[in-house]
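If you want the building blocks of each chain, they are given just below.
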Amino acid sequence: MAGKVKWVTDIEKSVLINNFEKRGWVQVTENEDWNFYWMSVQTIRNVFSVETGYRLSDDQIVNHFPNHYELTRKDLMVKNIKRYRKELEKEGSPLAEKDENGKYLYLDFVPVTYMLPADYNLFVEEFRKSPSSTWIMKPCGKAQGKGIFLINKLSQIKKWSRDSKTSSFVSQSTKEAYVISLYINNPLLIGGRKFDLRLYVLVSTYRPLRCYMYKLGFCRFCTVKYTPSTSELDNMFVHLTNVAIQKHGEDYNHIHGGKWTVSNLRLYLESTRGREVTSKLFDEVHWIIVQSLKAVAPVMNNDKHCFECYGYDIIIDDKLKPWLIEVNASPSLTSSTANDRILKYNLINDTLNIAVPNGEIPDCKWNKSPPKEVLGNYEILYDEELAQGEGADRELRSRSGQSLGPRAGRLRDTGRTVLTTWK
């Protein structure tokens, strides 16, 4: 197509701008005609707002779905996953199978979570069943570890209620809504430290669902050795892996930034736990991600002008069970180390190659199914059309041949591994 892509961004990050300039794209202002707008979540609200929004033309694309918050707000993510489980249960799907204690065999991948203030009474009932447990409080609409704290007594919740702007558990529409989740107090430790996984997942369309996993994710480590001791509940350097918090710690390393590549983690686990259990763990991580996307797909506004790159945060416990903690709509593009800068530059480069084929003026009517040569470090994680076409409606098996139920299965598509899930 003739002409150069005209771009706008309200996120002044070099990893973005360098990628646009490398392609010979032309910078314009948001008031001019533009083809590609990499925008913040605040701006996307305005673009699709009934009052201030405007109609996008076929040659314009943006980097968020209009209601991405159905996945990326902590409370809505949990609500949608709970609804998804119930729907599968109603349908009699084998995915919704439970054990003798009533726990989901395959869909138990988010910690027990309640919304506050709305679910306060339900939370109290659950807390009293195991009063020695620790819970983690998070504001629904904040990121980078802001406003998070741990509790192990009901009196702490009552104090928070009094001290917070909510002042009581009456105002359910308050902006300062929180989620409270059972704290994973048995995390897998490496070198005595807690860590989580940050994985990047690109969704090009929700209906049909098509998503890609970026192979170059990383682990984020705490700077202080982990202890479940209640005396350290206030020490966020022990409990929260967010770089925004850890970089202020005395032991923060500015060279490696407390990060490890996912491939290093894989090698470490293969050598300490074995190849088979490691492969099963990563299959389960992929399974969790696909199920979370399937949970929100029915409510997501699948606008043809949109794609989205999510930052998934996963914690692995000491039994090698992965837990979905949260999903970020605007994963940080700030570089804390040289390796970080390279990774994020390549992430944006590969994302643009899929979202804007050949770097040409976009046509949002295209089928959003790029050839595998352009995927770079992405690999297809799930393709709904392909899965249905392959007759994927059957029981999954683990690598060892034993029934895992539907947690991990693989289809071969011209040599590329495709994680498949089905109802």
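Please read these numbers as outputs of a predicted model, since none were measured by experiment.

*Asks:* For this particular structure, what's the right way to read the overall build of the protein?
*Replies:* Looking only at helices and strands, the protein has twelve helices and 18 strands in total. Across the 423 residues that make up the protein, the buried fraction comes to 54%. The long-range share in the protein, meaning contacts at least 24 apart out of those at least 6 apart in sequence, stands at 69%. Of the accessible surface of the protein, which amounts to about 19,700 Å², a share of 49% is contributed by carbon and sulfur atoms.

*Asks:* Explanation requested: the environment of R193 in the structure shown.
*Replies:* Tracing the sequence through the fold places R193 in strand β10 (residues 193–206). Its relative accessible area of 27% is what places R193 among the partly exposed residues. Taking the C-alpha atoms as reference, R193 lies 6.6 Å from F221; in sequence the two are 28 residues apart. Not counting residues within four places of it along the chain, the set of residues in contact with R193 comprises L188, F221, C222, T223, V224, K225 and Y226.

*Asks:* Would you mind going over the nonpolar core with me for this structure?
*Replies:* Here is a general trend for soluble globular proteins: nonpolar side chains tend to be buried in one another's company. One finds L71, Y206, L293, Y310, Y312 and L324 to be the most contacted residues of the largest nonpolar core, which totals 66 residues. Per-element accounting of this core gives the leading share, ten residues, to helix α10 (residues 275–296). Judged by nonpolar contacts, the second largest core, of 31 residues, contains W7, W38, Y378 and I380.

*Asks:* What is the right way to look at the pattern of salt bridges in this model?
*Replies:* A side chain of one charge can pair with a side chain of the opposite charge if their charged atoms are brought near each other. Going through the model one piece at a time under the given rule, you end up with 16 salt bridges. Among the salt bridges present, the one from D383 reaches R210, with a minimum N-O distance of 3.2 Å. Taken as a pair, D383 in strand β16 (residues 378–383) and R210 in strand β11 (residues 209–214) lie far apart in primary sequence, 173 residues in all. Each of the two residues, D383 as well as R210, counts as buried. For K344, the salt bridge identified is with D340, shortest N-O distance 3.3 Å. Separated by four residues within a single helix, K344 and D340 lie in helix α11 (residues 338–355), roughly one turn from each other. Salt bridges sharing partners connect three or more residues here, namely D196, R198, R220 and D313.

*Asks:* Would you mind showing me how to read the packing of aromatic side chains here?
*Replies:* The geometry of an aromatic ring pair is captured by two quantities: the separation of the ring centres and the angle between the planes. With the rule as written, the count across this model stands at 21 aromatic pairs. Taken together, W7, F20, W25, F36, W38 and F307 form an aromatic cluster joined through their ring pairs. Positioned over the ring face of W25 is R23, at 5.8 Å from the centre of the ring. Residue placement shows K82 over the ring face of Y114; its charged tip is 5.4 Å from the ring centre.

*Asks:* Honestly, the packing of helix α1 (residues 14–22) against α11 in this entry has me stumped. Any pointers?
*Replies:* Any two packed helices are characterised by the angle at which their axes cross and by the distance between the axes. At their nearest, the axes of α1 and α11 sit 9 Å apart, and the two run at 50° to each other. Overall, the two elements α1 and α11 adopt an arrangement that is oblique. Where α1 crosses over α11, the handedness of that crossing is right-handed. On α11, the residues that touch V15, L16, N18, N19, F20 and K22 of α1 are R341, K344, Y345, I348, N349 and L352. Considering only residue class, the contact of α1 with α11 consists of six nonpolar, three polar and three charged.

Analysis parameters
Every residue gets a number counted from 1 within its own chain, in the order that chain's sequence is written. Totals for whole chains, interfaces and linings use all residues, but because this is a predicted model, local features are given only for residues with pLDDT of at least 70 and pairs of side-chain atoms are given and counted only at 80 or more. The basis for every side-chain value is the complete set of heavy atoms in the structure, and neither hydrogens nor water enter the calculation. We count a stretch as a helix when DSSP gives it H or I for four or more residues in a row; a strand needs E for two or more, and each element gets its number in order from the N terminus. Think of it in three bands: residues with accessible area under 20% of the maximum for their type are buried, residues over 50% are exposed, and the middle band is partly exposed, with areas taken using a 1.4 Å probe on protein chains only. The contact definition used throughout considers only heavy atoms, calling two residues in contact when any of these lie within 4.5 Å. Per-residue accessibility takes into account occlusion by the displayed protein chains alone, with areas from the Shrake-Rupley method and a 1.4 Å probe. Grouping buried Ala, Val, Leu, Ile, Met, Phe, Trp, Tyr and Cys residues that are joined through side-chain atoms within 4.5 Å yields what is termed a nonpolar core. One speaks of a salt bridge when a side-chain nitrogen belonging to Lys or Arg is within 4 Å of a carboxyl oxygen belonging to Asp or Glu. Side-chain rings of Phe, Tyr and Trp, where Trp is taken by its six-membered ring, are said to pair if the distance between their centres is within 6.5 Å; with planes under 30 degrees apart they count as stacked, over 60 as edge-to-face, and otherwise as tilted. Put simply, a charge is over a ring when the Lys NZ or the Arg CZ is close to the ring centre, within 6 Å, and near the line of the ring normal, within 35 degrees. With axes taken as lines fitted to C-alpha atoms, and helix axes fitted only over the stretch in contact, angles between N-to-C directions fall between 0 and 180 degrees. We call two directions roughly parallel when the angle between them is under 35 degrees, roughly antiparallel when it is over 145, roughly perpendicular when it lies between 65 and 115, and oblique otherwise. Handedness of a helix crossing follows the sense of rotation of the near helix relative to the far helix, less than a right angle counterclockwise being left-handed and clockwise being right-handed. Note on residue categories: nonpolar means Ala, Val, Leu, Ile, Met, Phe, Trp, Tyr, Cys or Pro, charged means Asp, Glu, Lys or Arg, and polar means any other residue, Gly included.

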